[in-house]
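Okay, here's what each chain looks like letter by letter:
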Amino acid sequence: MTRPQPGIFAEGSTAHYALEYTVGGDGAALAAALRQARADAGGTNMVLAFSGSAWSSLGGSAPAGLRGFDKLGSAPGPTAPATQRDLLVWLHGDTISDVYDAALAAGRAMAPVGTPDLDLRGFTYHDSRDLIGFVDGTANPKGDARMEAALIPDGNGGAFAMSQQWVHDLDSFNALPVAEQEGVVGRTKPDSIELEGDAMPADSHVSRTDVKIDGVAQKIWRRSFPYGDTSTKGLYFLSFACDLARFDVQLQRMYGVSGDGLKDRITEFSAAITGSYWYAPSEDDLAAALGG
Ligand code: HEM
């Protein structure tokens, strides 16, 4: 197995940055920009992920099944827009100063290739809570199960990835009694304990995303982070998976298009404004593709 990009699994960061780019077809210019960005990242974790066409422009071969993000849902129900982009640069580390320096350097290096369509600074909020106040990541796989969930089982060390920028309507969520907020999520608020039996609504976020197919739990490796200011508050949902279909099935169940007539109550209080699918190649394939 070639080595996955280490930043996919590095944990404990308190500062995050996401840049998404649409780039042209000039693979040589993109490779030069990314070589520079990686050299300038210092000790900050940098994960790069690509659309199929961007990875091909670098001479890489995309894994079977990679495709662009498809729009989900239809009004008046919740909808997920497709804003497929070509390159995701995810930076994370211990201090906002270092992460911001790396983001500035990446922006400078990428300037000849393009300007970012998404330019988002995020952070770890309290004990890894999202801005709706719930711990995010409790049911994430642990130890080696992280790799099993995230890495495509072809021995190449790559991963599918998905990102969505979500915007919360915090006022309306916070107006709910805490017991109802817990029903929306499917876990208790103070201590993140999963609701059980009749207490777990079929349309809670956990009920819609905790999926088994033929007895196999459709685990993904989530690395989302909150972002915001005093007016806009949200979550940059970022996740890695061994199979793109795992995202599809969770999204279809969230957006009420899986055929059982249910949708995820979290979509009543949050809306996605972007959506992309990605391929995060192994560290070795990336180094070979960027050359230099
Ligand atoms: C506003 C957007 C979202 C928020 C605030 C949010 C928040 C949460 C929270 C609080 C939990 C429970 C704690 C935990 O296990 O981490 C959770 C679980 C989970 N979420 Fe989300 N999430 C969002 C979007 C998504 C999306 C878009 C997906 C996938 C398409 C997703 C997949 C999952 C999965 C797989 C779990 C674990 C379910 C289980 O096995 O128990 N989430 N999320």
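The notes below deal with the structure included here.

**With respect to helix α3 (residues 96–110)**
Here comes step 1: Between its first and last C-alpha atoms α3 spans 20 Å; for 15 residues at 1.5 Å apiece the expected length is 21 Å, and the two agree.
Here comes step 2: Those residues of α3 not exposed but buried are V99, A102, A103, A105, A106, A109 and M110. For α3, the buried positions fall inside an angular range of 165° around the axis, keeping them on one side.

**A few points about the pattern of salt bridges**
Here comes step 1: Counted by the stated rule, this structure contains 14 salt bridges.
Here comes step 2: For D248, the salt bridge goes to R67, with nearest N and O atoms at 2.9 Å. Taken as a pair, D248 in helix α8 (residues 244–254) and R67 in the loop between α2 (52–57) and β3 (87–93) lie far apart in primary sequence, 181 residues in all.
Here comes step 3: Residue classification places D248 among the buried residues on the basis of a relative accessible area of 14%.
Here comes step 4: The class of R67 is partly exposed, set by a relative accessible area of 34%.
Here comes step 5: As a salt-bridge pair, R222 and D136 come within 3.1 Å of each other at their nearest N and O atoms. Separated by 86 residues along the polypeptide, R222 in strand β8 (residues 221–222) and D136 in the loop between β4 (118–123) and α4 (144–150) bring together distant segments of the chain.
Here comes step 6: A relative accessible area of 26% means that D136 is categorised as partly exposed.
Here comes step 7: Within the structure, one salt-bridge network assembled from shared partners comprises E20, R85 and D117.

**A short note on the site of the ligand**
Here comes step 1: Neighbouring residues of the ligand: 26 residues in total, closest G137, T138, A139, H205 and R222.
Here comes step 2: One of the backbone nitrogen or oxygen atoms of T138 is found 3.1 Å away from an oxygen atom of the ligand.
Here comes step 3: Here an oxygen atom of the ligand sits 2.7 Å away from a polar atom, N or O, in the side chain of R222.
Here comes step 4: Residue contributions to the shell around the ligand peak at four residues, all from strand β5 (residues 159–168).

What counts as what
Residues numbered from 1 in each chain as written. Predicted model: local features only at pLDDT ≥ 70, side-chain atom pairs only at ≥ 80, totals over all residues. Heavy atoms only, no water. Helix = DSSP H or I, 4+ residues; strand = E, 2+ residues; numbered from the N terminus. Expected span 1.5 Å × (residues − 1). Buried < 20%, exposed > 50% of the residue type's maximum accessible area, 1.4 Å probe, protein only. Arc of directions from axis to C-beta. Salt bridge = Lys/Arg side-chain N within 4 Å of Asp/Glu carboxyl O. Near = heavy atom within 4 Å. Polar contact = N/O pair within 3.5 Å; in protein donor to acceptor, adjacent residues only side chain to side chain.

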